[in-house]
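A look at the structure
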Amino acid sequence: MINLDKFRDPVVAAKLVKRIEGLCDGPYSFMEVCGSHTMAISQFGIRGLIPRSIKLLSGPGCPVCVTSLYDIDRMIALAGLKDVIFTTFGDMIRVPGSHSSLREAKSQGADVRILYSPLDALQIAAENPGKQVVFAGVGFETTSPTIIATVLEAKEKGLENFSVYPAFKTVPHALKAILESGRTKIDGFLCPGHVSAIIGSAPYQFIPAEYQIPCVIAGFEPLDILESIVMLLEQLRSHKKEGLAFSVQTEYRRGVPDAGNPNALAMLDKVTEPCTAEWRAIGSIPETGLCFREKYVSFDAAKRFEVDVPPAIEPQGCICGQVMMGLHQPDECPMFGKKCTPESPVGPCMVSSEGACAAWYKYGTEN
Amino acid sequence: MGVSDKILLAHGSGGRLSHELIETVFKTRFSNALLNQGDDAAECKLQTANCKIAFTTDSYVVKPLFFPGGDIGRLAVCGTVNDLAMKGAKALYLSAGFIIEEGFSLETLEKVADSMAAAAKEAGVFIVTGDTKVVDKGACDGLFINTSGVGVIPQGIEISGSLAVPGDVVIISGTIGDHGAAVINARNNFGLSGNLLSDAAPLGNLVSAILKTGRVNVLRDPTRGGLATTLNEIALQSKVTINIEEDKIPVKPEVKGACEMLGLDPLYVANEGKLIAIVPREDSEKILKAMRQDQLGKDAAIIGKVEAGKPQVLLTTFLGSKRPLMMLEGESLPRIC
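So, here's what we can say about the structure. Only a predicted model underlies this, so the values are computations on that prediction, with no experimental measurement involved. Residue numbers run consecutively from 1 along every chain, following the written order of its sequence. As they are written, the chains are lettered A onward and the ligands numbered 1 onward, keeping that order. Totals for whole chains, interfaces and linings use all residues, but because this is a predicted model, local features are given only for residues with pLDDT of at least 70 and pairs of side-chain atoms are given and counted only at 80 or more.

1. Focus on the overall build of chain A
Numbering of helices and strands runs from the N terminus, with a helix taken as a DSSP run of H or I at least four residues long and a strand as a DSSP run of E at least two residues long. What chain A contains, in helices and strands, is 16 helices and 11 strands. Taken over the C-alpha trace, chain A has a radius of gyration of 21 Å; the compact-globule value for 367 residues is 21 Å, and the two agree within 12%. Whether a residue is buried, exposed or partly exposed follows from its count of other C-beta atoms within 10 Å of its own C-beta, namely 20 or more, 12 or fewer, or something in between, respectively; the C-beta atoms are built from the backbone. Expressed as a percentage of its 367 residues, the buried residues of chain A come to 55%. The contact criterion used is a C-beta to C-beta distance within 7 Å, with each C-beta placed from the backbone. Within chain A, residue pairs in contact and separated by at least 24 positions form 78% of the contacts whose partners lie at least 6 positions apart. To get the radius of gyration, use the C-alpha atoms; to get the globule rule, take the number of residues to the power 0.38 and multiply by 2.2 Å.

2. Here we look at the pairing of strand S5 (residues 132-139) of chain A
Along any regular strand the residues' side chains alternate between the sheet's two faces. Residues and elements named next belong to chain A. Of all the eight residues making up S5, eight are buried; the element is thus mostly covered by neighbouring parts of the structure. Strand pairing is defined by DSSP finding a minimum of two bridges between the two strands. Here four bridges tie strand S3 (residues 84-88) to S5, and the two strands are oriented parallel to one another. Each residue of the ladder has a partner; that of Thr87, found in S5, is Phe135. When S5 meets strand S6 (residues 162-168), the two strands line up parallel, connected through seven bridges. Each residue of the ladder has a partner; that of Phe135, found in S6, is Val164. Every crossover in which the path from the first strand over the helix to the second runs clockwise, viewed with the strands pointing away from the viewer, is termed right-handed. Chirality of the crossover, the property in question, places the unit of S5, helix H7 (residues 144-157) and S6 among those that are right-handed.

3. Concerning the environment of Cys215 of chain A
Residues and elements named next belong to chain A. Here Cys215 lies in strand S8 (residues 215-218). According to the C-beta neighbour criterion, Cys215 is buried, with 29 such atoms within 10 Å. C-alpha separation for the pair Cys215 and Asp187, spaced 28 residues apart in sequence, amounts to 9.2 Å. If sequence neighbours within four positions are ignored, Cys215 has contacts with Phe189, Cys191, Tyr204, Ile207, Pro208 and Val248.

4. A closer look at the interface of chain A and chain B
The interface is formed by 37 residues belonging to chain A together with 26 residues belonging to chain B. Mapped onto the side of chain A that touches chain B, the elements with two or more residues apiece are helix H1 (10-23), helix H3 (46-49), helix H5 (102-107), S5 and helix H16 (356-363) of chain A. At three residues, the largest contribution of residues to the side of chain A that touches chain B is made by H5 of chain A. When residues are grouped by polarity, Ala, Val, Leu, Ile, Met, Phe, Trp, Tyr, Cys and Pro land in nonpolar, Asp, Glu, Lys and Arg in charged, and all others, Gly among them, in polar. Each residue belonging to the side of chain A that touches chain B can be placed in one class, and the counts come to 15 nonpolar, 14 polar and eight charged.

5. Quick word on the sheet that holds strand S4 (residues 111-114) of chain A
Residues and elements named next belong to chain A. Read across the sheet, four strands follow the order S4-S3-S5-S6 without closing on themselves; strand pairing throughout is parallel. Two strands in the sheet have a free side with no partner beyond their single neighbour: S4 and S6. Each strand axis lies, on average, 25 degrees off the axis of its neighbour in the sheet, ignoring direction. The sheet contacts of helix H4 (residues 69-79) involve S3, S4, S5 and S6, and relative to S3 the element is tilted by about 135 degrees. Axes here mean lines fitted to C-alpha atoms, for a helix over just the part in contact, with angles spanning 0 to 180 degrees between N-to-C directions.

6. As for H7 of chain A
Residue and element names in this part refer to chain A. Given a helix with a known number of residues, its expected span is that number minus one, times 1.5 Å. Along its 14 residues, H7 runs 20 Å from first to last C-alpha, staying within 8% of the 20 Å computed at 1.5 Å per residue. Within H7 the residues assigned to the buried category are Ser144, Ile147, Ile148, Thr150, Val151 and Ala154. An end-on view of H7 places all buried positions within 150 degrees of arc, on one side of the element. For H7, exposure combined with an orientation more than 90 degrees from the buried face picks out Glu156 and Lys157. Where H7 is buried, its residues contact helix H6 (119-127), S5, S6, helix H12 (262-271), strand S10 (272-279) and strand S11 (283-292). Each C-beta atom gives one direction from the helix axis, and the arc is the one those directions make.

Below, the structure is given as structure tokens:
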């Protein structure tokens, strides 16, 4: 097991900060696209270490934050069905839907269970043949392979009382949508390390090629993040001084092979296909969802069960969507820290453990 | 979406919701000077005996009942003994109330009772009264235990969460997160190998050693909600800023590793055999030395200091950046990615 302490060495960090100060020749906005980066940057106080002229914007990389209200309302309704055991990763249960949350539903008697692994859901299904076990299929490419692997195992074992509510999202086309909107000034991307461990570096190539923006696939320790900022600044300097083209670089070499994880990608491709997905507070983005192929549609909980949900009601005044597009910082929202706190969240960015607003609230707005 | 009108699991996690529940439902109704002290045990003057007794209660609902390093019985004794010790009291007598689910194994109950007897002997206390109730299957989850305890506070000892003053030094008695990491590993059958052991232990002797050595303003054991939440409680009670240095906080590598994998932060994970001591600066080095001579304080470390300022806890990260260290919000939940 890698000793993570060496990626937290304060002496090396200080040297990287000095290098950043030396390279930084103007205001830059870098977008980090992963909820874990959002949290790590705040937790380690990275913003307080680097020059103020470098803005680190949060992107829509929090899978909980971007799950549509419609999907959340439907999952809550599913959880409330008799004989349904609704299983999920932990951070979904606090997210507010239009009227309730999975946590509320649980407190009112719904059988909602928090799992560390989707495979545990199969065990529950095997032990409860008279019940239907549904797993919340929320996650990016980091997570969807494990959930899809569970579907394949369920098929192999003949577990017919197991299904997945598909709310999977994929990253690259979401970045394209942000760039196409032209609303956010982005000088560089810190690309998500663990998503990239699955998809590799090729899916980001369009960013430097079509939009002339440098990309660095970053790890999650403080030295990873600081080194990645160095690499972005070096690309910007080389481009300015020598006209060198931008590229996708991998800082997180210990976690990300160039080709990603072909087995995981093959498995995703076997069971699912890309489709349009609804991103909460952002809108529909084509090619960013994963829907079950015909052969596996019997595992699609959204099709297996009929639930009636009233029209989704977005909370008034919540600017989560704009925060996730990098258009506003969390503390620019008038409700931040007042009406909207982690214990009484208005929008998903505050309640998710990876949301930008939650990070700023927990770790301070300076960081 | 506002505050729920139902009790949520998060109300029991020791974080902000727990505090709000206690304040708004119980303290407002039961309000009196002793309760309003807000410490781990109430300090009761007995006029006739001209002494102060400490009186406390706690309930234990841990799952699983048995885990590496301890069990519900050991917790039930040590937890209450420690709450008394946090007022500087010598723990004397405990009560033990049991709520048992119909169908519970007698053999298991006996094992729990054996453990409580052993812990009581280790702590030098007597369990002098108790109660047992059996409820229908499904009406409680196996076994719940409540223990209450009384102890005597020696003359001249004034210890409270409200007594930290600027200039004081913050000491932790050892590694943090041990208990919570061990229990979560056991509860979910993660099978993480390594030395994940609960630290449940009676702290009476360690506290005696501290009190013999120097002055102490605050003692608190960082149980549910962890070190971060407990420091926030003290900062609020004493109306001070507490500055903590991350690289001074002792954490076992296996606990760090387990927490990394599970998406937990050791600063928020429960401890059952550790204490925070906030002491005047001039007494801090000798108190630290005395603590390190006790088995339960061998990893004691100075982790920060108290300053004038608004009630908050600030953490200087190992990188040198400073950020707020908040109270636990909700529960610690396993993350998606």
